[in-house]
Amino acid sequence: MQTLRMKPDLMAEFLEALAAWGRVWAPVEREDGLFSLAVIDGDVTRARPDALRTAVPFKKLLLKPRFTMLQSAAGGTPVESADNDAGAQVLFGAHACDIHALKILDLLFLADYPDPYYRRNRERLVVVGYGCWPDDRCFCDSLNTSTADDGFDLFLTPIEDGIQVVVGSSVGDDIVRANRHLFEPATRRDARHYLERLSTRKEAFKLKLDVTALPFVLELKKDDPVWDELGRKCLCCGSCSMVCPTCSCFNVADEVTADSGAARVRTWDSCLFRDYATVAGGHSFRGDRGDRVRNRYYHKQEAFVREFGMPSCVGCGRCIDNCPTGIHVVEVFQHVRGTG
Amino acid sequence: MTAHLPRGNGKPRVGIFGLTGCAGDQLQILNCEDQLLRLADAVAIVDWEMTTSDNDRNCRLDIAFVEGVVATVHDLERLKKIRARTSFLVAIGTCAVWGGLPAMRNLIPRDLLDRERDAATARFLDTAEALPATHFVPFDLELPGCPIEREEFLTTVNSLLFGTVPELPAIPVCLECKTAENGCRVIHHQEVCCGAMTRGGCGARCPSHGVACAGCRGPVEEPNYDANITMFAGRGISWVEISARMKHFSAPAWMRVGLEGVKGHES
């Protein structure tokens, strides 16, 4: 790992240089205060890496919300579709929580049975991180995801009169070597500023989630009335699943197309939809809304911990931002634990 | 589920009908301009009043599409006759499936309407309470929407021609709205948006154009009607506004499906 510094006014040139590694995606302001990851080729000044969270996270770069897996013309033989193959992409402005979420998706999609659609895009994804500052919905610090030691190619952190650049991979090193003029050696002063930032940032986290023994708490609280209460409050609109960086459930369906061909289509899905757990004969594993809400929380903080040794929540706060009825993940767990 | 259509012995005979309604769903079929010729070649449209006066009004139909509500005695007679002569009957549009706009004012008593009409100029027709076509006879498939989605209509016809029935989206509008990355009409604009209660498949067209979902595609399988209203009221929206917005398309259906927790909408 190598640490460098970059002058802030070189950011635009740096972004333009990234285009050599693929289509550059960055947060851009879509509506007042609402950010979305968009391709910034052509106008790099739109990039807003300081944006705390985009509504839909980076997962759309790896698996599109809806894509064709196989297709055939009318009466023809099905052939594989390249619909989801995005080619080389650069994700600029990933925060530490995003990078941890990416590692969680890698566990899900690359570990036991590699998902070829995910893998093809993942192998060509360059990740450039950017240091953020928490608001009242960030609780990544409670989940040890507020900083990232690996999982990126480059990581940029704004420090006093400069940007600290950490090289995290050989691709990151290539980018630096190809653009020597943009970077300078980091100074001792930079290191001091960075460490100061780190400790003041840690103090800035207001929202905290106590994850101590949480899987055990949940195991004991399966019948807690809180789940029924949440079932009455939850709209099951699926917004939290869509915006969650680690929610990755999907549906696969065969469709006849409008021009009489056929397509096998894969779409984002959510365990909050009744349809999701409905099986042959119309039976449902999770018939009640309360069951489905509980399932989502248990998957994040209980089942995933038992399988992979860590929760699949990274504390990004997107579900808090996007729940129309104001269900607050931290309050839910405080309530279950009996401390809120 | 499979659709039993004649195979190999001629084109399937198709009828398209409108009960009381605006004929917008039939118009959507005509709007499938790029696919119309192919469609007309694949099936024999033998009874479609909107497009031709040369109709066979009595033959057996392999597939029939019916839009609109039953709002007159005459509508009901026609509907029963269509059902009797049709193998695979498809309801098109929210009027036929859920009651839609014509069912909005069913709460006004009919004798009041009769009293208030201008007796000198208007005759009280053989009208009845406006109810969806699906209330009266069994349908084999229901395509919601006001109007229907062209793409969904075409894939339905093509699926039926292949002897299969399409799987229609059961997801709420919110899923499509979130993936379109629109600002939420509820959270960011404090509006009564019916997206969470409403069946998707429209690609969240209205919210993507900055307009709250009016619920035109009818309720999802298990709408949380009560929580939606509580949410709107909790954001300071007036009850009058909530009621007016939710009444447009599906409120009667939401009340039935959401409050009573009844799956399906048979009464």
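Residues numbered from 1 in each chain as written. Chains lettered and ligands numbered in written order. Predicted model: local features only at pLDDT ≥ 70, side-chain atom pairs only at ≥ 80, totals over all residues. Heavy atoms only, no water.

**Side note on the pattern of salt bridges**
Counting across every chain of the model gives 43 salt bridges over all chains. Across the salt bridge formed by Glu-181 of chain B and Lys-60 of chain A, the nearest N and O atoms sit 2.5 Å from each other. With Glu-181 of chain B in the loop between helix H7 (173-179) and helix H8 (205-208) and Lys-60 of chain A in helix H2 (residues 59-62), this pair bridges two chains. Per residue, the accessibility class of Glu-181 of chain B equals that of Lys-60 of chain A, and both read buried. Between Glu-241 of chain B and Arg-245 of chain B there is a salt bridge; the shortest N-O distance is 3.2 Å. Taken as a pair, Glu-241 of chain B and Arg-245 of chain B lie in helix H10 (residues 239-247) at a separation of four residues, close to a single helical turn. Given a relative accessible area of 33%, Glu-241 of chain B falls into the partly exposed group. Look at Arg-245 of chain B and you get partly exposed, because its relative accessible area is 41%. Overlapping salt bridges, with partners in common, bring together Arg-5, Lys-7, Glu-160, Asp-161, Glu-184, Arg-189 and Asp-190 of chain A in one network. (Salt bridge = Lys/Arg side-chain N within 4 Å of Asp/Glu carboxyl O. Helix = DSSP H or I, 4+ residues; strand = E, 2+ residues; numbered from the N terminus. Buried < 20%, exposed > 50% of the residue type's maximum accessible area, 1.4 Å probe, protein only.)

**Topic: empty space enclosed by the protein**
Residues and elements named next belong to chain A. In total, this model carries seven cavities of 30 Å³ or more according to the counting rule given. The computed volume of the largest cavity comes to approximately 210 Å³. What lines the largest cavity is a set of 17 residues, and nearest its centre among them are Cys-234, Cys-240, Leu-272, Cys-323 and Ile-327. Counting only elements with at least two residues in the lining of the largest cavity, the list comes to helix H9 (239-243) and helix H10 (289-308). Considering each element in turn, the lining of the largest cavity owes the most residues, three residues, to H10. Among the residues forming the lining of the largest cavity, the class breakdown is 13 nonpolar, three polar and one charged. (1 Å grid on protein atoms, 1.4 Å probe; cavity = no way out; pocket = protein on both sides within 12 Å on 5 of 7 lines; lining within 4 Å. Points joined across faces, edges and corners; volume = space filled by probe spheres on them. Nonpolar A, V, L, I, M, F, W, Y, C, P; charged D, E, K, R; others polar.)

**Observations regarding the domain arrangement of chain B**
Residue and element names in this part refer to chain B. Here chain B is described as being made up of domain 1 (13-161) and domain 2 (173-262). Relative placement of domain 1 and domain 2: their C-alpha centres are 25 Å apart. Taken together, the eleven residues of domain 1 in the interface contact 14 residues of domain 2. Three residues, Trp-98, Met-104 and Glu-149, lead the burial of domain 1 against domain 2; their summed loss comes to 51% of the area buried on that side. Applying the counting criterion to the domain 1 and domain 2 interface returns two salt bridges. Here Glu-149 and Arg-205 are joined by a salt bridge, their closest N and O atoms 2.8 Å apart. Seen at the junction of domain 1 and domain 2, the total is four residue pairs in polar contact (both at pLDDT 80 or more). By residue class, the composition of the side of domain 1 that touches domain 2 is six nonpolar, three polar and two charged. (Domains from an automatic or database assignment. Contact = heavy atoms within 4.5 Å. Buried area = accessible area lost by both parts, 1.4 Å probe. Polar contact = N/O pair within 3.5 Å; in protein donor to acceptor, adjacent residues only side chain to side chain.)

**So, the side chain of Gln-28 of chain B**
For Gln-28 of chain B, the position within the fold is in helix H1 (residues 24-30). Residue Gln-28 of chain B is classed as buried on the basis of its relative accessible area, which comes to 13%.

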